[in-house]
Amino acid sequence: MQFSGNLLLLEKDEARRNTMETVLSFLGCNVQSGSLEDCLCYLDADDADIDACIAGDLGNEQSVRLLNKHQDIPFIFVLVPNTECQACPNFMGALNQSGSHQNGALLYDDLVSLLHFCQSFNSMKRLKKMHNQSPDGEKYLMKVLRGRGKAITLVRRLIEQVAPAEATVLILGQSGTGKEVVARSVHELSKRRGGPFVPVNCGAIPGELLESELFGHEKGAFTGAFSAHEGRFELAKGGTLFLDEIGDMPLAMQVKLLRVLQEHTFSRVGSNKLLKADVRIVAATHRDLEKMVEDGTFRQDLYYRLNVFPINMPSLAERSDDIPLLLQQLVHQYGDQSGNTLRFTQSALEALMQDPWKGNVRELSNLVERLLILHPNEIIDLEDLPPNYRGGQEQASPEDEREALLDAFSCNDDDSDVSEILAQSGITSLPKLPGEEELSGDFAPKLSEDGVNLKDMVADMETGLIRQALDKSGGVVAKAADLLGLRRTTLVEKMKKYGISAQD
């Protein structure tokens, strides 16, 4: 065992100090020692870097004074101090409680055990400090609520202002805008961050069960209540209770919730015992509560109880400039899970920034997760996006591509030989199309008296060109796509459509 930290020896007897220093050094400890006066001065210094102290016979009065003065430092004593010392939380033990200290000799097992206690004491001290330390509000909010636009910047500022208070918060906004993220942020930046954050979706629980879910019930309170049950108000004691979709709460429950908010007490179903509601309420809804109050479907008094500090979440369409940052965050989040990543071209980003995003950030998150599955470690271009996300910049239809293909092989203005154009394109021959004459020199098929199925004709020609390109490229789809002037993904879709395999 090696003690990771600085040990300070407080021993006035030089011979005993040397012996203890030798043993501790043998254990790999970083020992600081010297005369007792010098060590005591160092212990009192503001810049002292001490993780534990081992003290000799200092006398009970001085030992108690040191323990009380330096409560963040664990102490090991060589001699057993009085009971007043042993009651101090930073007293780790004494080495001679079982005869460990005899003629200057230290028992190895006891010393290792006490040093382990010191390590545990310091670990708990660090955890407690982290637990009580408030996170940097600005950095925390920038991490969980990405964006530089005015709308999301206002939301972050409101969270920072209301979090330290105990005021009830009402978060308003469309579904998928991140209302629960805001609620958790209020909790994490509040004085109640050490307590639990308990969410409950008021719209997902049947009205007849919601009272029991919120306030709990006693055994036998109703059919099926085989044991007592703690409600969400009890589970959230000392923390934050997040009432999501509060607009979906039945009117009968609204009355009971209002009473709890007014009196800060509640009782379980089937019990008359009053319990204190030691929670902070944060509510959220996508509904227009003011209109519901006018319609009589939401209590006006409850609305004003909840609407102490409203925070309006902007829709994603209202903060489209933040989409590149959100994409980066989501790709990093899902990429860490899958080991893949994505990059977006400018045209793809512009198309995504034009989308109405009716599902808001949740919809954007789903799209990123889907693209990581379909196109892992690829660059996403406009045509890689699902059709409804292309911002009106639709990919050319197969008919348009066929027309462009015909145009590409049509005669130019100076009537040059089409064979030269085909040769330059790497195509040596064209397939004969059913129901048609041989292609003339100007690549214009002759229409028979019975007419022709133009769609089939173009499809057969396209199939023939694809097969020739695959033959010429040795079955390498990427090279065949280059020969045809197509993107690889476009060629793959055409091959699937016509049932063509690269090995055919």
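Above this note sits the structure.
Residues numbered from 1 in each chain as written. Predicted model: local features only at pLDDT ≥ 70, side-chain atom pairs only at ≥ 80, totals over all residues. Heavy atoms only, no water.

1. Quick look at the pattern of salt bridges
Then, in step 1: Taken as a whole, this structure holds 15 salt bridges when the rule is applied.
Then, in step 2: In this structure, R192 and D278 form a salt bridge, with 3.0 Å as the shortest nitrogen-oxygen distance. On the criterion of sequence distance, the pair formed by R192 in the loop between α8 (179-188) and β7 (197-201) and D278 in the loop between β10 (275-276) and β11 (280-285) is long-range, its members being 86 residues apart.
Then, in step 3: Beyond isolated ion pairs, a larger network of salt bridges with shared partners links E166, R192 and D278. (Salt bridge = Lys/Arg side-chain N within 4 Å of Asp/Glu carboxyl O. Helix = DSSP H or I, 4+ residues; strand = E, 2+ residues; numbered from the N terminus.)

2. Here's the deal with the sheet that holds strand β3 (residues 52-55)
Then, in step 1: In space, the five strands of this open sheet follow the order β2-β1-β3-β4-β5, with parallel pairing throughout. Across the chains shown, the open sheet's two edge strands, defined by having one partner strand only, are β2 (30-32) and β5 (91-94). Between one strand axis and the next, the sheet turns through 25° on average, direction left out of account.
Then, in step 2: Across four bridges, the pairing between strand β1 (residues 6-10) and β3 is parallel. Following the sheet pairing, L10 is matched in β3 by A55.
Then, in step 3: Each of β1, β2, β3 and β4 (75-77) is contacted by helix α2 (residues 36-44), which is oriented at about 135° to β1, the strand it contacts most.
Then, in step 4: Packed onto the sheet, helix α3 (residues 60-69) meets β1, β4 and β5 and runs at close to 165° relative to β4. (Pairing = 2+ DSSP bridges. Axes fitted to C-alpha atoms, helices over the stretch in contact; angles between N-to-C directions. Contact = heavy atoms within 4.5 Å.)

3. Considering the side chain of S185
Then, in step 1: Within the secondary structure layout, S185 lies in helix α8.
Then, in step 2: In this structure S185 touches Y140, L141, V144 and I159, once residues within four positions along its chain are discounted.

4. Points about the nonpolar core
Then, in step 1: Residues L214, F233, L241, L243, I246 and F298 are the most contacted members of the largest nonpolar core, which totals 32 residues.
Then, in step 2: Among the elements that line this core, the one with the most residues is helix α11 (residues 251-263), at five residues.
Then, in step 3: Ranked by size, the runner-up nonpolar core spans 23 residues in total, among them A351, V368, L371 and Y389. (Core = buried A, V, L, I, M, F, W, Y, C linked by side-chain atoms within 4.5 Å. Buried < 20%, exposed > 50% of the residue type's maximum accessible area, 1.4 Å probe, protein only.)

5. As for helix α1 (residues 14-26)
Then, in step 1: With 13 residues, α1 ought to run about 18 Å at 1.5 Å a step, and its terminal C-alpha atoms sit 18 Å apart, in line with that.
Then, in step 2: Taken as a whole, α1 has its buried residues at R17, M20 and L24. Projected down its long axis, α1 carries its buried residues within an arc of 70°, all on one side. Turned more than 90 degrees away from the buried face of α1, the exposed residues are A15, T22 and F26.
Then, in step 3: Of the residues flanking the start of α1, the one acting as N-cap is D13, its side-chain oxygen 3.2 Å from the backbone nitrogen of A15. (Expected span 1.5 Å × (residues − 1). Arc of directions from axis to C-beta. Polar contact = N/O pair within 3.5 Å; in protein donor to acceptor, adjacent residues only side chain to side chain.)

6. So, the pairing of β3
Then, in step 1: Both faces of β3 are covered, namely the face carrying A52 and I54 and the face carrying C53 and A55.
Then, in step 2: Direction of pairing for β3 relative to β4: parallel, over a ladder of three bridges. Paired with I54 across the bridge in β4 is I76.

7. Considerations on the state of the cysteines
Then, in step 1: With the rule as written, the count across this model stands at zero disulfides.
Then, in step 2: No disulfide involves C41; its nearest neighbouring cysteine sulfur is the one of C39, lying 9.3 Å away.
Then, in step 3: On the accessibility criterion, C41 (55% relative accessible area) is exposed.
Then, in step 4: Looking at the unpaired C118, the closest cysteine sulfur is the one in C53, lying at 9.1 Å. (Disulfide = S-S within 2.5 Å.)

8. Focus: the sheet that holds strand β12 (residues 309-312)
Then, in step 1: Spatial ordering of the open sheet is given by β7-β8-β11-β6-β12, a layout of five strands whose pairing is parallel. Strands with a single pairing partner mark the edges of an open sheet, and in this sheet they are β7 and β12. Across the sheet, the mean angle separating the axes of adjacent strands is 20° when strand polarity is ignored.
Then, in step 2: As judged from the four bridges shared by strand β8 (residues 240-244) and β11, these two strands associate in the parallel manner. If you follow F242 over to β11, its bridge partner there is V282.

9. Quick word on the environment of A284
Then, in step 1: As for its position among the elements, A284 is in strand β11.
Then, in step 2: Its relative accessible area of 0% is what places A284 among the buried residues.
Then, in step 3: For the pair A284 and L243, spaced 41 residues apart in sequence, the C-alpha to C-alpha distance is 6.4 Å.

10. Focus: unusual backbone geometry
Then, in step 1: A positive phi angle, close to 50°, is found at E245, a residue other than glycine.
Then, in step 2: Its location among the elements puts E245 in the loop between β8 and α11.
Then, in step 3: Residue class for E245 comes out buried when judged on its relative accessible area of 10%.
Then, in step 4: With a phi angle near 60°, N377 is a residue other than glycine that sits in the positive phi range.
Then, in step 5: Turning to its location among the elements, N377 is positioned in the loop between α16 (360-374) and β14 (378-380).

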